[in-house]
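Listed below are the residues making up each chain.
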Amino acid sequence: MTLVDALSVIPVGGPSLPQERRLVTAIPGPKSQELGRRKVESVSAGVGVTLPAYIVAAGGGVLVDVDGNFLIDLGSGIAVTGIGNSAPEVVAAVAAQLAQFTHTCFTVTPYDSYIEVAETLNRLTPGDHAKRSALFNSGAEAVENAVKIARHYTGKQAVVAFDHAYHGRTTLTMGLTAKNQPYKNGFGPFAAEIYRAPTSYPYRDAGLDGVGAARRAISQIEKQVGADNLAALIIEPIQGEGGFIVPAPGFLPTLVDWCRTNEVVFIADEVQTGFARTGDLFASNHEGIVPDLMVMAKGIAGGLPLSAVTGRAEIMDAPQVGGIGGTYGGNPLACAAALATMRSYETENLAQRAREIGAILTGRLNAIRAVDKRVGDVRGRGAMIAIELVDPVTGVPDAALTGRVVAAAHVRGVVLLTCGTYGNVIRFLPPLSISDDLLVEGLQVLASVLAAA
Ligand code: PLZ
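Residues numbered from 1 in each chain as written. Predicted model: local features only at pLDDT ≥ 70, side-chain atom pairs only at ≥ 80, totals over all residues. Heavy atoms only, no water.

(A) Structural context of the site of the ligand. Around the ligand lies a shell of 14 residues, among which Gly139, Ala140, Arg169, Asp269 and Gln272 are the nearest. Contact between the ligand and Gly139: an oxygen atom at 2.8 Å from a main-chain N or O atom of the residue. At a separation of 2.7 Å, a nitrogen atom of the ligand approaches a polar side-chain atom of Asp269. Bound to the protein, the ligand loses 81% of the 510 Å² it would expose on its own. Of the residues contributing to the shell around the ligand, the split by class is four nonpolar, five polar and five charged. (Near = heavy atom within 4 Å. Polar contact = N/O pair within 3.5 Å; in protein donor to acceptor, adjacent residues only side chain to side chain. Areas by Shrake-Rupley, 256 points an atom, 1.4 Å probe, with all protein chains shown as cover. Nonpolar A, V, L, I, M, F, W, Y, C, P; charged D, E, K, R; others polar.)

Structure follows, in structure tokens:
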């Protein structure tokens, strides 16, 4: 009998799970601890775990662990399960596809759901120009392909990424990612022709407005790279792993204008911000920017692995036939899930739900900030909100406090994630299927553990 079998009744996942925090053992409980021991003996130590409660079911706003604990999910598996875990429409679509065929490889013998995902992305992404899409498996893989396509189209090689950027863990995307620990340390050498520019970080930029921050970046790019060598500029419209940094208004539009005048492909990495997360279908929409290429993953397919690059037809059509592909990209199960997921974002107006969640988060977090000056900043958009914890006198980032707060929340059954270059940001990424009551309870736990930390 395995440990999972030993759980007397394993609940079925999805939104019908009881929506409550319920702790029946310590976190992690004995069965999770036993699995943790097996992990050490079987899984590479390089694969870390944030909260070692092993999950058997999830849905709505809860995760159920192998010991029978119900945890409040404020992470969505890093912004993936926006429509909820095991959302019924995704389960039905994937089950139907599962019974038909599981794989052919689209580039060998194709199928229609890949086309329909491409058509949907071409329609939903910003801009009414002619577009094309290509499908992949992970965010990093899609980022790599966006860079390949931009290089092919422009005949140029250099790529600019920004301070605090995160674009993945493959060799090319590690080079684009800014932070050394844990993503890059010891894994070099990194790919050539990647350059870094300063971003817009209003909380730490002291008076620099968006246009000013963009001019600073552009000046550095012109001096250190040269537009004639630059294939693409890649940026997250709200930086995710780097600390939920919302650039000052005007920063992104100024960069887009400069790219357009200088024949540089503007790539928006919406892997974390995409699909209703920020209160609009894409974060680019908040400032009305129209990226040349957009990279998407995470929220696109309700938890199944799928990613995409969508962009201007003339750029996307530049590579030679057969130059873009992969065995699993646009797998039929993932496409079925994506079609069901994207339909829900539209028909259930989940962007509106993200804005409601954002109002609850920012209201409660700003109230905490008013009485606790260690909360230096509350920022983000929609259901992508964070607090930055600092020394109240010096403003120096307080990663130790952040670690204590998050660990204490975990023990009380709230899944909370950190981020930030300085490790001092707590981020809130609840599934959009969470109830107000559960969200508020999660925030009450946060308030009490912060007060005690
Ligand atoms: N671009 C903007 O946020 C993934 C990383 C988790 P993959 N972010 C979560 C971790 O510790 O590995 C991400 C992102 C942005 C690209 C990626 C990469 O997406 O699907 O993880 O490859």
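Having put the structure on the table, let's press on.
(B) Representation of the layout of surface pockets. Here the second largest pocket defines a volume of roughly 520 Å³. Along the wall of the second largest pocket there are 22 residues; nearest its centre are Tyr114, Ser133, Ala134, Met316 and Ile324. Of all the secondary-structure elements, those providing two or more residues to the lining of the second largest pocket are helix 5 (112-124) and strand 4 (131-136). No other element matches the five residues that strand 4 contributes to the lining of the second largest pocket. (1 Å grid on protein atoms, 1.4 Å probe; cavity = no way out; pocket = protein on both sides within 12 Å on 5 of 7 lines; lining within 4 Å. Points joined across faces, edges and corners; volume = space filled by probe spheres on them. Helix = DSSP H or I, 4+ residues; strand = E, 2+ residues; numbered from the N terminus.)

(C) Here's a closer look at the sheet that holds strand 15 (residues 425-428). The strand order across the open sheet built from four strands is 11-12-15-14, with neighbouring strands paired in antiparallel fashion. One side of each edge strand has no neighbouring strand; the edge strands of this open sheet are strand 11 (375-381) and strand 14 (417-419). The sheet shows a mean angle of 30° between the axes of neighbouring strands, direction not considered. The sheet contact formed by strand 14 and strand 15 spans three bridges and is antiparallel. Counted as the bridge partner of Thr418 is Ile426 from strand 15. The sheet contacts of helix 12 (residues 350-371) involve strand 11, strand 12 (384-389) and strand 15, and relative to strand 11 the element is tilted by about 170°. (Pairing = 2+ DSSP bridges. Axes fitted to C-alpha atoms, helices over the stretch in contact; angles between N-to-C directions. Contact = heavy atoms within 4.5 Å.)

(D) Representation of the packing of aromatic side chains within the structure. Summed over the entire model, instances satisfying the criterion amount to seven aromatic pairs. The interplanar angle of 80° and the centroid separation of 6.0 Å between the aromatic rings of Phe162 and Phe251 together place this pair among those described as edge-to-face. Here Phe162 is found in strand 5 (residues 158-162), whereas its partner Phe251 is found in helix 9 (residues 251-261), with 89 residues between them in sequence. Accessibility assignment for this pair places Phe162 and Phe251 in one class, buried. Ring plane angle 25° and centroid distance 5.7 Å describe the contact between Phe275 and Tyr345, whose orientation is recorded as stacked. In this pair, Phe275 sits in the loop between strand 8 (265-269) and strand 9 (293-296) while Tyr345 sits in helix 11 (residues 332-347), placing the two residues 70 residues apart along the sequence. Overall, the relative accessible area of 2% leaves Phe275 in the buried class. Classification of Tyr345 by relative accessible area gives buried; the value is 4%. What links up through ring pairs into an aromatic cluster is the set Phe101, Phe106, Tyr111 and Tyr114. Above the ring of Phe70, the side-chain terminus of Arg22 is found at 4.3 Å from the ring centroid. (Phe/Tyr/Trp six-rings, centres within 6.5 Å; stacked < 30°, edge-to-face > 60°. Buried < 20%, exposed > 50% of the residue type's maximum accessible area, 1.4 Å probe, protein only. Lys NZ or Arg CZ within 6 Å of the ring centre and 35° of its normal.)

(E) Local environment of the packing of helix 5 against helix 11. Closest axis-to-axis distance for the helix 5/helix 11 pair is 9 Å, and the angle between their directions is 35°. Seen from above, helix 5 lies across helix 11 with left-handed handedness. Every residue of helix 11 that contacts helix 5 at Ser113, Tyr114, Glu116, Val117, Thr120, Leu121, Arg123 and Leu124 is listed here: Pro332, Cys335, Ala338, Leu339, Met342 and Glu346. When grouped by side-chain class, the residues that make up the contact of helix 5 with helix 11 number nine nonpolar, two polar and three charged. (Left-handed = near helix turned anticlockwise from the far one by under 90°.)

(F) The arrangement of the nonpolar core in detail. Ile267, Leu293, Leu365, Phe428 and Leu446 are the most contacted members of the largest nonpolar core, which has 95 residues in total. Looking at this core, the element that brings in the most residues is helix 11, giving nine residues. Formed by 24 residues, the second largest nonpolar core is a distinct cluster that contains Val160, Phe162, Ala217 and Val225. (Core = buried A, V, L, I, M, F, W, Y, C linked by side-chain atoms within 4.5 Å.)

(G) Molecular detail of the sheet that holds strand 2 (residues 62-65). Judged by pairing direction, the sheet is mixed, and its four strands sit side by side in the order 1-2-3-13 without closing on themselves. What marks the edges here is a single partner per strand, and that holds for strand 1 (55-59) and strand 13 (414-415). With two bridges connecting them, strand 3 (residues 70-73) and strand 13 associate as parallel partners. Among the inter-strand pairings, Asp73 is bridged to a residue of strand 13, identified as Val415.

(H) Examining empty space enclosed by the protein more closely. Going through the model one piece at a time under the given rule, you end up with four cavities of 30 Å³ or more. Of the pockets and cavities examined, the largest cavity occupies roughly 60 Å³. Looking at the largest cavity, the residues that line it are Pro237, Ile238, Val246, Pro247, Leu252, Ala283, His286, Glu287 and Arg381. Residues of the lining of the largest cavity, tallied by class, amount to six nonpolar, one polar and two charged.

(I) Expanded view of the side chain of Arg312. Locating Arg312 in the fold gives a position in strand 10 (residues 307-312). Accessibility expressed as a relative area gives 17% for Arg312, which makes it buried. Only 2.7 Å separates the side chain of Arg312 from the side chain of Asp292, close enough to count as a polar contact. Other than its neighbours up to four places away in sequence, Arg312 contacts His129, Ala130, Arg260, Val290, Asp292 and Leu293.

(J) A look at the pairing of strand 6 (residues 194-197). Sheet analysis places strand 5 next to strand 6, joined by four bridges and oriented parallel. Within the sheet, the bridge partner assigned to Val160 lies in strand 6 and is Tyr195. Handedness of the crossover is the feature at issue here: the chain leaves strand 5, passes through helix 7 (residues 171-176), returns alongside strand 6, and the resulting connection is right-handed. (Right-handed = clockwise from strand over helix to strand, strands pointing away.)

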